[in-house]
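Each chain, letter by letter, is given below.
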Amino acid sequence: MDRNEMTPSGRTSLWRNARLATLREDLGPLGIIEKGAVGVRGGRIVYAGAESELPVGFAEADQVVDCERRWITPALIDCHTHIVHGGNRAREFELRLEGATYEEIARAGGGIISTVKATNALSVEALVETALPRLEALLSEGVSTVEIKSGYGLNIEAELKMLRAARQLERVRPVRVVTSYLAAHATPPEYKGRNGDYISDVVLPGLVKAHAEGLVDAVDGFCEDIAFSPAEIALVFDKAKSLGLPVKLHAEQLSNLGGARLAASYDALSADHLEYLDAEGAAAMATAGTVAVLLPGAFYTLREKQFPPVEALRAAGTRIAVATDCNPGTSPLTSLLLSMNMSATLFRLTVQECLAGVTREAARALRILDETGTLEAGKSADLAIWNIDAPAELIYRIGFNPLHERIFKGERIAV
């Protein structure tokens, strides 16, 4: 941008005397600028670069903030959550400690189905109220975008109710919400052994209604022996495609059914979990531009032994994102900072991969990279300002939150 150019309208703000991790790929790992500044007009970034090249006029911006050499990153993005739900599953946590497996609990009527009962008992307003503490925990760590799934209703009206609650959260807190329709999450007891009927009676017509109401940004499913087969998921994806909606998939978490390859064949935004992914699946994802979303919270909670094939993903050139998978049963985790630490410690991701995984690549996994995820002119001014000496501290520390300030759409949000 020419130094004499400024966007024509809106209030101007300048964050100066900062160190920037822009996450711009053309600037190398993390896109670091040591003596940087971020200029904002009307809620959008006009300039993010060296302070010495700041456009003329920004030194007299309406608001000038001296960052005192603090680090600025893009605000964080949690690209896989189930934060809208009723109840909790602490008792199932106890059962797993006593030796029961995830599959055993699910087949005995626990797992997702127990949360379905608790969720169906709540109104939209009650779902919003129960989700707020989980959302606020994420926001307190510099998160400004959260993906929220349905999937604990398993009937048309309850799935719509969850999505309405997700949209409502965006109206009561300063956050960007991206929704995913996940009715193909589990089969309710009344449809046991009749997955096809459940898909035709509930999943597909529910999707049409949710889309007509403007509640759906993407369509998700759970491809696993205890959930839905690739052929069944394909029926859901076909309907999504007919409605012009992108897809994503819980895939290869407990076994390799080829879900990631199926997702890639539909140009899915992401395939998530992936502990049992093979090299062929990783290559298919890379070719399709499907992001691999790693969920260390579920891996940790379930005490899994099978690690996601990080080396295969790297070799294939598959993009990698990291998320909390915040849910009541297998990942009751509301810390994206801890998710990064787990991804580094358990999965051996690098600092660069972890930080990119909760900013740039998470935005890519939600199809919002044109809007947020990096510090670049034209994007929403979603910033996180940190009391750290180096970006590695965001991944290295455990149980410590160094957030100094969160900026959302150019507005300073109290921490």
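Keep in mind the model is a prediction, meaning the values are calculated, not measured.

Cut-off values and rules
Residues numbered from 1 in each chain as written. Predicted model: local features only at pLDDT ≥ 70, side-chain atom pairs only at ≥ 80, totals over all residues. Heavy atoms only, no water. Helix = DSSP H or I, 4+ residues; strand = E, 2+ residues; numbered from the N terminus. Rg over C-alpha atoms; globule rule 2.2 N^0.38 Å. Buried < 20%, exposed > 50% of the residue type's maximum accessible area, 1.4 Å probe, protein only. Contact = heavy atoms within 4.5 Å. Areas by Shrake-Rupley, 256 points an atom, 1.4 Å probe, with all protein chains shown as cover. Salt bridge = Lys/Arg side-chain N within 4 Å of Asp/Glu carboxyl O. Disulfide = S-S within 2.5 Å. Expected span 1.5 Å × (residues − 1). Polar contact = N/O pair within 3.5 Å; in protein donor to acceptor, adjacent residues only side chain to side chain. Pairing = 2+ DSSP bridges. Axes fitted to C-alpha atoms, helices over the stretch in contact; angles between N-to-C directions. pLDDT = per-residue confidence, 0-100. Parallel < 35°, antiparallel > 145°, perpendicular 65-115°, else oblique. Left-handed = near helix turned anticlockwise from the far one by under 90°. Core = buried A, V, L, I, M, F, W, Y, C linked by side-chain atoms within 4.5 Å.

1. Describing the overall build of the protein chain
Argument step 1. Scanning the protein chain for helices and strands turns up 15 helices and 16 strands.
Argument step 2. Relative to the globule expectation of 22 Å for 415 residues, the C-alpha radius of gyration of the protein chain, 21 Å, shows essentially globular dimensions.
Argument step 3. Reported as C-alpha extents along the three principal axes, the dimensions of the protein chain are approximately 65 × 40 × 40 Å.
Argument step 4. Taken across its 415 residues, the protein chain has 59% of its residues classed as buried.
Argument step 5. Taking the contacts inside the protein chain whose residues are at least 6 apart along the sequence as the reference set, 71% of them involve residues at least 24 apart.
Argument step 6. For the protein chain, the computed accessible surface area is about 15700 Å², with 51% contributed by carbon and sulfur atoms.

2. Some thoughts on the pattern of salt bridges
Argument step 1. This model, assessed by the stated rule, comprises 32 salt bridges.
Argument step 2. Across the pair glutamate 51 and arginine 16 runs a salt bridge whose closest N-O atoms are separated by 2.6 Å. Of this pair, glutamate 51 sits in the loop between strand S3 (44–50) and strand S4 (63–66) while arginine 16 sits in strand S1 (residues 12–21), and the two are 35 residues apart along the sequence.
Argument step 3. Assessed through its relative accessible area of 27%, arginine 16 is described here as partly exposed.
Argument step 4. If you follow the salt bridges from partner to partner, you end up with Glu25, Arg319, Arg360, Glu361 and Arg364 in one network.

3. What about the state of the cysteines?
Argument step 1. Evaluated as defined, the whole model comprises zero disulfides.
Argument step 2. Here cysteine 79 stays free of any disulfide, with the sulfur of cysteine 354 as its closest cysteine sulfur at 13 Å.

4. Quick look at helix H12 (residues 336–347)
Argument step 1. When the terminal C-alpha atoms of H12 are compared, their 15 Å separation across 12 residues agrees well with the 16 Å that a helix rising 1.5 Å per residue should span.
Argument step 2. Within H12, nine of the 12 residues are buried, leaving the element largely enclosed by the surrounding structure.
Argument step 3. For H12, the complete set of buried residues consists of Leu336, Leu337, Ser339, Met340, Asn341, Met342, Ser343, Ala344 and Phe347.
Argument step 4. The N-cap of H12, judged by a side-chain oxygen 3.0 Å from the amide nitrogen of leucine 338 a few residues on, is serine 335.

5. Overview of the sheet that holds strand S13 (residues 320–322)
Working definition: the strands of a sheet are paired by backbone hydrogen bonds and lie parallel or antiparallel to each other.
Argument step 1. Read across the open sheet, the eight strands follow the order S6-S7-S8-S9-S10-S11-S12-S13; overall the sheet is parallel. The open sheet has two free edges, formed respectively by strand S6 (76–78) and S13, since each of these has just one partner strand. Averaged over neighbouring strand pairs, the angle between their axes works out to 25° when direction is ignored.
Argument step 2. As judged from the four bridges shared by strand S10 (residues 248–251) and strand S11 (residues 270–273), these two strands associate in the parallel manner.

6. What about the confidence of the model for the protein chain?
Argument step 1. Across the protein chain, the average pLDDT comes to 95, with 98% of residues at 70 or higher.
Argument step 2. Low confidence marks residues 1–8, where pLDDT is under 50. Its contacts with residues over four positions away, or in another chain, come to 17 contacts.

7. Observations concerning the pairing of S1
Argument step 1. By the criterion of burial, S1 is predominantly enclosed, with eight of the 10 residues buried.
Argument step 2. Judged from the seven bridges that link them, S1 and strand S2 (residues 32–41) form a sheet pairing that is antiparallel. Considered in S2, the bridge of leucine 14 is made with glycine 39.
Argument step 3. Of the strand pairs in this sheet, S1 and S4 are connected by four bridges, and their pairing is parallel. Following the sheet pairing, serine 13 is matched in S4 by glutamine 63.
Argument step 4. Examined bridge by bridge, S1 and strand S5 (residues 71–74) share two bridges and lie parallel to one another.

8. Re the packing of helix H4 (residues 124–139) against helix H5 (residues 156–172)
Argument step 1. It is at 9 Å that the axes of H4 and H5 come closest, and there the two elements cross at 55°. Relative to H5, the element H4 lies oblique. In the packing of H4 onto H5, the handedness of the crossing is right-handed. Across from Val124, Leu127, Val128, Ala131, Leu132 and Leu135 in H4, the residues of H5 making contact are Lys161, Met162, Arg164, Ala165, Gln168, Leu169 and Val172.

9. Focus: the side chain of threonine 330
Argument step 1. One can find threonine 330 in the loop between S13 and H12.
Argument step 2. Not counting chain neighbours up to four residues away, the residues in contact with threonine 330 comprise Arg89, Tyr102, Gly297, Ala298, Thr301, Leu302 and Asp325.

10. Things to note about the packing of H5 against helix H6 (residues 195–212)
Argument step 1. Running from amino to carboxyl end, H5 crosses H6 at an angle of 40°, the nearest separation of the two axes being 9 Å. By the angle between their axes, H5 is oblique relative to H6. In this structure, the crossing between H5 and H6 has a hand that is right-handed. Seen from H5, the contacting residues are Ile156, Leu160 and Leu163; seen from H6, they are Asp201, Val202, Pro205, Gly206, Lys209 and Ala210.

11. Observations concerning the nonpolar core
Argument step 1. With 94 residues, the main nonpolar core has Val84, Leu169, Tyr181, Val203, Val216 and Val219 as its most contacted residues.
Argument step 2. In contact with valine 203, other than residues within four places in its own chain, are Tyr181, Ala183, Ala184, Tyr198 and Val236.
Argument step 3. Among the nonpolar cores identified, the runner-up in size contains 16 residues, and Trp15, Leu20, Val40 and Ala48 belong to it.

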